[in-house]
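Examination of the molecular architecture
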Amino acid sequence: MNAPNKSGWKPTAPAGSEGKFGGPPTTTGNKALMLEEKLIFEIGTPDTTGVDLPEVDDSAPNKLGGMRRDAEIGLPGLSEPETVRHYTRLSRQNYGIDLGFFPLGSCTMKHNPRLNEKVARMPGFADVHPLQPVDTVQGALGVINELAHWLITLTGMHGVAMSPKAGAHGELCGILCIRAALEARGDARKVVLVPESAHGTNPATAAFAGYAVEDIPANSDGRVDLEALKARLGPDVAAVMITNPNTCGLFEPDLREISDAVHAAGGFVYCDGANFNAIVGRVRPGDLGVDAMHINLHKTFSTPHGGGGPGSGPVVLSEALSPFGPLPFTARTDDGVIHLVEEETASEFGHTKAFGRMTAFHGQMGMYTRALTYMLSHGADGLKQVSEDAVLNANYILRSMEDVLHAPYAHSGPCMHEALFGDKGFAEGLSTIDLAKGLIDEGYHPMTMYFPLVVHGAMLVEPTETESKATIDQFITAFRSVAERAKAGDELLKTAPHYAPRSRLDETLAARKPVLAYVDPE
Ligand SMILES: *Cc1c(COP(=O)(O)O)cnc(C)c1O
C-alpha cells in the first residue's frame, strides 16, 4: 500500500514548476506531511478495541434462534488515537468549499456563512422530532411558514410545496402537480417537451412520471428555438420543462412568449429554477408565466451540499397548480397558531385535491433554517446584489478567457451566473478531461465537464458571488496557463494530475462497479 510506485506519485514536474514540488520518491509513500492512508480494515485488527466492554454472559437464554451469529463479526479494531488519526488523514484528502475555489458550473458551490450554521444548530431547531405535538414546535413551524412566504414573494408565485428534498425531487413534485391538474380536467396528455440543453434530471423526471419526452433544439445563440417549440405544441403536450437561466448560462428572454404559447395550447410551463441565484431579486418567474418551479435552497440560498446531500427543493406553484400541491403544509390562522395541515385537516383548510405527499415528514429543517438565515441576513437589497455579483464574476471569467478558450456563445452577449467554454482548438489527442486534471495540479477543483451536451467538450465555470476578485484573478491565471498547454499539446497533461494522492482513476468502472465491501485478500 505504501510502496511509492503504487501511490501514483510521479517525480516529473509540469513545465514551470521545477524545483518547487519535484523530488525523489519516499520510502513510505508519504509526501512530506501529507500521509498515505490505508483502509481501516488494513490497519485495524479485531483484537484491538478502543472501549472496555463487559464480558458477554453466555449462560443467558439465546433468544435469537437461527439468527445468532456463529462467526466473528470481522470489524476492524483501533485504539481511539488511531481512529482519530485515520479519519483526520482521510479528511485532509478531501477538497471542499472551505478549502478553496470550487468552480463547478450548475452546482453553485458558494460559501456557507457561519451564521447559518449557528442558527441551524440551535436546540429548538436541531433537536426537534418530526412526531412532536405541533404546539411544542411552533417556532420551527414558524420558520417553515416564513420561508414559504419569502419564496412565494421572491418568485411572484401563488403557493409553495416545501417538502421536496432536492432539486430533482422538486421537479417530480411539480410534474405530479401538473399531472393531477390535467387528470382533474380529464385530459390525457402524454408528452413533455425538454430543450436539448436541459439538466439530465428534467427528462428523467418526466419519464419517471410516465411521460414521453421529446427534445426541443437550441438555436445558434444557445437558447431555445422558439419557432421549433411553437410548431411542436398541440393537444398531446402536457408541459414544457425549461431552465432559466438555461444551462448554457444564458437568460431565455422569450420565456413569457413561450409560456403564453404553451398555455394557449392547453399545457403547463415547468421551470427548472436551480439557477435562480442568477436572477433572485431581479426577475420573478411568476411574471414570466411559469406554473411550477423548484428552487434549490442548497444553491441559491447557500446551505452546504455536494456528496449527495442534504438538499432541499421547494416548488413554487401558480394559482392553477396550487390546489394540487402535496401534503403536509403549514398555515397560520388569525389567532397566530401555525398548523401543520395533514390529510385529516386538509378539508378545513380548503385543500381537497392534493396529489399525495413527497416525504414522510415535512422536509429538511436544517436547510430551512440556513436558507431563511441567509435571506434575512442579506435583506432585499443584499439578495439583489447576490445575483448581480454572481453575474459580474461569471462575465469577468468569460471575457478573461475568450481569447484562449473557445467560448461558443460569447457572441450572444453577457452570460448570467456561469461561463461556458468548449474544447475547439485543443491539440490533437488532448481534451477537456486533460485540462481539468491539469487544473487539479494547479490547486483547483475542476469546473463541470461535458455538460451541457450542446457544446463539444463543454466546460461550465460558475464562480458564484462569494469569490473575491483576487481569488478569481488567481484562478484565471491558472486556467489560462492550462488552456494554453492544452492548445500547445503538452504531453504532461495526459497523465495529470501529478501531485494528487492518486492520479487518473477509472471513474466509469468506479461508478458502474463500485467495490463497497472490504474483501479480505487472505
Ligand atoms: C442541480 C440542478 C438540478 C438538480 O438538483 P439536485 O438538488 O441535485 O437534485 C436540476 N437542474 C439544474 C439546472 C441543476 O443545476
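This one's a predicted model, so the numbers in the text were calculated from it and none came from an experiment.

**A few points about the packing of helix 6 (residues 167-184) against helix 7 (residues 201-208)**
For the pair helix 6 and helix 7, the least separation of the axes is 9 Å and the interaxial angle reads 45°. Classified by the angle between their axes, helix 6 and helix 7 sit oblique to one another. Viewed along their axes, helix 6 and helix 7 form a crossing whose handedness is right-handed. Of the residues in helix 7, those touching helix 6 at Ala168, Glu171, Leu172 and Ile175 are Thr201, Asn202, Thr205 and Phe208. Taken together, the residues that form the contact of helix 6 with helix 7 break down as 4 nonpolar, 3 polar and 1 charged.

**Looking at the environment of Asn145**
Position of Asn145 among the secondary structure elements: in helix 5 (residues 138-155). Accessibility expressed as a relative area gives 16% for Asn145, which makes it buried. Setting aside anything within four residues of it in sequence, one finds Asn145 in contact with Thr330, Ala331, Arg332 and Ile338.

**Points about the confidence of the model for the protein chain**
Considering every residue of the protein chain, the mean pLDDT works out to 91; 95% of them sit at 70 or more. Between residues 1-21, whose pLDDT stays under 50, and residues either more than four places distant or in other chains, the model counts 39 contacts.

**Regarding the sheet that holds strand 12 (residues 459-461)**
With antiparallel pairing, 3 strands are arranged side by side in an open sheet as 10-12-11. This sheet does not close on itself; its edge strands, each paired only once, are strand 10 (419-421) and strand 11 (448-449).

**With respect to the site of the ligand**
Looking at the ligand, the residues that line it are Ser106, Ala166, Gly167, Ala168, Glu171, His199, Thr201, Asp272, Ala274, Asn296, His298 and Lys299. Between the ligand and Ser106, the relevant distance is 2.8 Å, taken from an oxygen atom to a side-chain nitrogen or oxygen of the residue. At a separation of 2.8 Å, an oxygen atom of the ligand approaches a polar backbone atom of Ala168. Residue assignment for the shell around the ligand shows that the elements contributing at least two residues are helix 6 and helix 10 (297-300). Top contributing element to the shell around the ligand by residue count: helix 6, with 3 residues. For the shell around the ligand, the per-class residue count stands at 3 nonpolar, 6 polar and 3 charged.

**A few points about the nonpolar core**
Leu147, Leu151 and Phe301 are the most contacted members of the largest nonpolar core, which has 53 residues in total. Secondary structure elements with two or more residues in this core: helix 5, strand 2 (191-195), helix 8 (226-232), strand 4 (237-243), helix 9 (255-264), strand 5 (268-272), strand 9 (338-341) and helix 11 (365-401). The leading source of residues in this core is helix 11, at 9 residues. Looking at this core, you find at least three residues from each of domain 2 (115-371) and domain 3 (382-501). When near neighbours in sequence (up to four residues on either side) are disregarded, Leu151 contacts Val160, Met162, Ile295, Leu297, Phe301, Pro314, Val316 and Met375. Ranked by size, the runner-up nonpolar core spans 31 residues in total, among them Leu405, Ala410, Met447 and Val482.

**Considerations on the packing of aromatic side chains**
Going through the model one piece at a time under the given rule, you end up with 7 aromatic pairs. Geometrically, the ring pair formed by Phe41 and Tyr518 is stacked, given 4.7 Å between the ring centres and 10° between the ring planes. Of this pair, Phe41 sits in helix 1 (residues 40-43) while Tyr518 sits in the segment after helix 14 (507-512), and the two are 477 residues apart along the sequence. Overall, the relative accessible area of 33% leaves Phe41 in the partly exposed class. By relative accessible area, Tyr518 is classed as partly exposed at 31%. An aromatic cluster is defined as three or more aromatic residues linked by ring pairs; in this entry it consists of Phe101, Phe421, Tyr444, Phe475 and Phe479. Lys190 extends its terminal NZ or CZ atom over the ring of Tyr211, reaching a point 5.2 Å from the ring centre.

**Some thoughts on the sheet that holds strand 1 (residues 159-161)**
Overall, mixed pairing links the 7 strands, which are arranged 1-7-6-5-4-2-3 in an open sheet. Every interior strand has two partners, whereas the edge strands, strand 1 and strand 3 (212-216), have only one. Across the sheet, the mean angle from the axis of one strand to that of its neighbour is 25°, orientation sign disregarded. The pairing of strand 2 with strand 4 spans 3 bridges and is classified as parallel. Each bridged residue has a counterpart across the sheet, and for Val192 the counterpart in strand 4 is Ala239. Helix-sheet contacts for helix 6 involve strand 1, strand 4, strand 5, strand 6 (292-294) and strand 7 (315-317), and the interaxial angle to strand 5 is about 175°.

Definitions and limits used
- Each chain has its residues counted from 1, following the order in which its sequence is written.
- Two thresholds apply to this predicted model, a pLDDT of at least 70 for residue-level local features and 80 or more for giving and counting side-chain atom pairs, whereas whole-chain, interface and lining totals are computed over all residues.
- Neither water nor hydrogens contribute to the side-chain values; these are computed over all heavy atoms in the structure.
- All axes are obtained by fitting lines to C-alpha atoms, using only the stretch in contact for helices, and the reported angles, taken between N-to-C directions, cover 0 to 180 degrees.
- Segments assigned H or I by DSSP are reported as helices when at least four residues long, segments assigned E as strands when at least two residues long, and all are numbered from the N terminus.
- The labels follow the angle: roughly parallel below 35 degrees, roughly antiparallel above 145, roughly perpendicular from 65 to 115, and oblique for the rest.
- With the far helix as reference, a near helix turned anticlockwise by less than a right angle produces a left-handed crossing, and one turned clockwise produces a right-handed crossing.
- Contacts: residue pairs with any heavy atoms within 4.5 Å of one another.
- The residue classification treats Ala, Val, Leu, Ile, Met, Phe, Trp, Tyr, Cys and Pro as nonpolar and Asp, Glu, Lys and Arg as charged. All others, Gly included, are polar.
- Categorising residues by exposure relies on relative accessible area from a 1.4 Å probe, with only protein chains included: less than 20% of the type maximum marks a residue as buried, more than 50% marks it as exposed, and the intermediate range marks it as partly exposed.
- pLDDT: the predictor's confidence for each residue, scored from 0 to 100.
- Two strands qualify as a pair provided DSSP detects at least 2 bridges between them.
- Near is defined per residue: the residue qualifies when any heavy atom it owns lies within 4 Å of the molecule or strand.
- Definition of a polar contact: a pair of N or O atoms within 3.5 Å, with one able to donate and the other able to accept a hydrogen when the atoms are protein atoms, and with sequence-neighbouring residues admitted only if both atoms are side-chain atoms.
- Definition used in this section: a nonpolar core is a set of buried Ala, Val, Leu, Ile, Met, Phe, Trp, Tyr and Cys residues joined via side-chain atoms within 4.5 Å.
- For the domain bounds, the source is a domain assignment made automatically or taken from a database.
- Note on ring pairs: Phe, Tyr and Trp rings are taken, using the six-membered ring of Trp, and paired if centres are within 6.5 Å. Classes follow the plane angle, with under 30 degrees stacked, over 60 edge-to-face and the rest tilted.
- A positively charged side chain is recorded as over a ring if its NZ (Lys) or CZ (Arg) lies within 6 Å of the ring centre. The angle to the ring normal must also be within 35 degrees.

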